[in-house]
Amino acid sequence: MPPMSRSPQPSTVTALPIKKSVSLAWRGRRLDFDVAQALFSSHQVDRGSRLLLESLDPAAFPETGTAADFGCGYGVLGIAWQAVRPEWVMEYVDRDALAVAFARHNATRLLENVDERSRFQCDISVTAPEDGYGLVLWNVPGKAGRPVIAALRDVALDALAPDGVLAVVVVHPLADLFMEEATAHEDVETTHVARDKEHTVVHLRRVGGDAVRRDPFAEGAFDRSTEVFEASGLDWMLTPVIGLPEYDSLGHATELAIRAMVELERDVSRWLVVDPGAGHLAVAPFLLWPSARGVLAGRDALALRSSHRAIGGVLSVTEAPSWGLPAVDLEEPVDLAVVALPEQASANDLSAMLEELDRLVASAGCAILHGRSTEIARIGAVVRKRRGWRLGPVTKLRGSATVVARKA
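The following refers to the structure shown. This is a predicted model, so every value here is computed, not measured.

All right, on to the overall build of the protein then. Each helix and strand counted, the protein has 10 helices and 19 strands in total. The C-alpha atoms of the protein give a radius of gyration of 22 Å, which matches the 22 Å a tight globule of 408 residues would have. By its C-alpha atoms, the protein is 65 × 40 × 40 Å across when sized along the principal axes. Looking at the protein as a whole, 53% of its 408 residues qualify as buried. Expressed as a percentage of contacts within the protein between residues at least 6 apart in sequence, the contacts between residues at least 24 apart total 69%. In the structure as shown, the protein presents an accessible area of about 18000 Å², 48% of it carried by carbon and sulfur atoms. Positive and negative side-chain charges in the protein, numbering 43 and 54 respectively, have mean positions lying 8 Å apart.

Moving on: the pairing of strand 8 (residues 188-195). Two faces make up the sheet, and in a regular strand the side chains alternate between them. One ladder, built from seven bridges, connects strand 8 with strand 9 (residues 199-206); its direction is antiparallel. Note that in strand 9 the partner of Thr190 across the bridge is Leu204. Here strand 8 hands over to strand 9 after three residues, the two strands then running antiparallel side by side.

A word on helix 10 (residues 373-384). The end-to-end C-alpha distance of helix 10, which contains 12 residues, comes to 17 Å, matching closely the 16 Å that a straight helix rising 1.5 Å per residue would cover. Every buried residue belonging to helix 10 is among Ser373, Glu375, Ile376, Ile379, Gly380, Val382 and Val383, and all of these are buried. Looking at the buried side of helix 10, the elements it contacts are helix 9 (347-360), strand 16 (361-372), strand 17 (389-391), strand 18 (395-397) and strand 19 (400-407).

What follows deals with the pairing of strand 2 (residues 29-35). For strand 1 (residues 20-26) and strand 2, the ladder comprises seven bridges, and the chain directions are antiparallel. If you follow Leu24 over to strand 2, its bridge partner there is Leu31. Following strand 1, the chain reverses through two residues before pairing antiparallel with strand 2; Arg27 in that reversal takes a positive phi of roughly 55 degrees.

Below, the discussion takes up helix 5 (residues 146-158). Between its first and last C-alpha, helix 5 extends 18 Å over 13 residues, near the 18 Å set by a 1.5 Å rise per residue. When helix 5 is considered as a whole, its buried residues turn out to be Val148, Ile149, Ala150, Ala151, Leu152, Arg153, Asp154, Val155, Ala156, Leu157 and Asp158. Those residues of helix 5 hidden inside the fold are in contact with strand 3 (66-70), strand 6 (133-139), strand 7 (160-171), strand 8 and strand 9.

Let us look at the sheet that holds strand 9. With mixed pairing, seven strands are arranged side by side in an open sheet as 5-4-3-6-7-9-8. A strand with exactly one partner marks an edge of an open sheet, and here the two such strands are strand 5 (118-122) and strand 8. Each neighbouring strand pair of the sheet contributes to a mean axis angle of 15 degrees, computed without reference to strand direction. Sheet topology note: the strand 3/strand 4 (residues 89-94) ladder contains five bridges and is parallel. What sits directly across from Phe70, in strand 4, is Val93.

Turning our attention to the environment of Val361. Here Val361 shows up in strand 16. C-alpha of Val361 to C-alpha of Ser125: the two residues are 236 residues apart in sequence and 33 Å apart in space. With near-sequence residues (within four places) excluded, Val361 lies in contact with Pro333, Val334, Ala337, Cys366, Trp389 and Lys407.

Turning our attention to the packing of helix 9 against helix 10. Orientation of helix 9 relative to helix 10, taken along the N-to-C sense of each, is 65 degrees, at an axis distance of 9 Å. Classed by the angle they form, the pair helix 9 and helix 10 counts as roughly perpendicular. The hand of the helix 9/helix 10 crossing is right-handed. From helix 9, Ala347, Leu350, Ser351 and Leu354 reach across to helix 10, where they touch Glu375, Arg378, Ile379, Val382 and Val383. Looking at the contact of helix 9 with helix 10, its residues break down into six nonpolar, one polar and two charged.

A separate point is the packing of aromatic side chains. According to the stated counting rule, one finds nine aromatic pairs in the structure shown. Seen in terms of ring centroids, Phe70 and Trp138 are 4.8 Å apart; in terms of plane orientation they differ by 35 degrees. Their pairing is tilted. Separated by 68 residues along the polypeptide, Phe70 in strand 3 and Trp138 in strand 6 bring together distant segments of the chain. This pair shows no difference in class: Phe70 is buried, exactly as Trp138 is. Ring centres 5.7 Å apart and planes at 80 degrees place the aromatic pair Trp138 and Phe178 in the edge-to-face group. Pair noted here: Trp138 is in strand 6 and Phe178 is in the loop between strand 7 and strand 8, with a separation of 40 residues, a long-range link. Aromatic ring contacts, followed pair by pair, group Phe61, Trp81 and Trp88 into a single cluster. Positioned above the aromatic ring of Tyr247 is the side chain of Arg224, whose terminal nitrogen or guanidinium carbon lies 3.8 Å from the ring centre.

Calculation criteria
Residues numbered from 1 in each chain as written. Predicted model: local features only at pLDDT ≥ 70, side-chain atom pairs only at ≥ 80, totals over all residues. Heavy atoms only, no water. Helix = DSSP H or I, 4+ residues; strand = E, 2+ residues; numbered from the N terminus. Rg over C-alpha atoms; globule rule 2.2 N^0.38 Å. Buried < 20%, exposed > 50% of the residue type's maximum accessible area, 1.4 Å probe, protein only. Contact = heavy atoms within 4.5 Å. Areas by Shrake-Rupley, 256 points an atom, 1.4 Å probe, with all protein chains shown as cover. Lys, Arg positive; Asp, Glu negative; His and termini not counted. Charge placed at Lys NZ, Arg CZ, Asp CG, Glu CD. Pairing = 2+ DSSP bridges. Expected span 1.5 Å × (residues − 1). Axes fitted to C-alpha atoms, helices over the stretch in contact; angles between N-to-C directions. Parallel < 35°, antiparallel > 145°, perpendicular 65-115°, else oblique. Left-handed = near helix turned anticlockwise from the far one by under 90°. Nonpolar A, V, L, I, M, F, W, Y, C, P; charged D, E, K, R; others polar. Phe/Tyr/Trp six-rings, centres within 6.5 Å; stacked < 30°, edge-to-face > 60°. Lys NZ or Arg CZ within 6 Å of the ring centre and 35° of its normal.

Shown next, in the form of structure tokens:
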């Protein structure tokens, strides 16, 4: 099956869902960051980030260099560093496309010459530049789990240039990963350790060796054991990943969406799956319509990579993970779109989603909408107030639901 060619991302997308602004004062600069409800630490700049910044002495670093804000969120660490060291280039990296969009937005607001000084990447890990990083800033997410954090630590250390520093802040139960275990690396030395009530800050300096570019996903750092899954008469093998649900069984919404695909009883030549999760929602249309072309899209880089692998990598992923449907740019409309409705989505949010589906779905095509029963009921009310779509019966299962929307 030939892959659908990659489509360029639009230069602008829908307005960011800005909730409020939060402030940070560091090294004589006050920075006000726009934030979204769905992002980490949306009520204030978190204590861990403040502690990490307090541990840094910009004067101890070269005047120029390349740094990375790993797990950048809305850009606190990277923007603060660039605000006081404007000669440095910063790479902002996060697996969440919404976070990367906010980091870009805040950097554009708060810094000068952003296009020349900054790069923004939605990915699961840093990727070493040719000469390595002079500094990697990392507010370590405790929920990632010890094996994944250890693997990402090693990737970040290998990405450092000689004399480069990995500066991390981590909760105490995980601190040994950056102290006792990190000292096992022959070319790494600990140069700074500080603690407060909940966090440990550690600086690790690379004292030898060349920067190495690694891909922890390809190395299997996220992999769980391969399992056999089944739903509605389909069965498949899939290697789930740490950090995504549905690693041992399907969620109710996924099960209902797959059932709806099986019962669709129509030919599909082009399909789109938005927010595919671990990959089950990508496998189903691949099995049902093996000669069709498909596209995966969503805001989670880990979900896209896992799903792409689940179908053998023969389908294209959009050029970059996208935090909303407006960023999905297809060469031609699809016959079928499978879309997860976000939790707590308002009627206005769902109405905007339906408008985007008007653009993405061909005439006489359909969309399988799945999620919590609350959101399914809400989009039903939205559809009844507008023309162009007709809803089938709602199928429910233990708080989840699915409905097929057919386009006139």
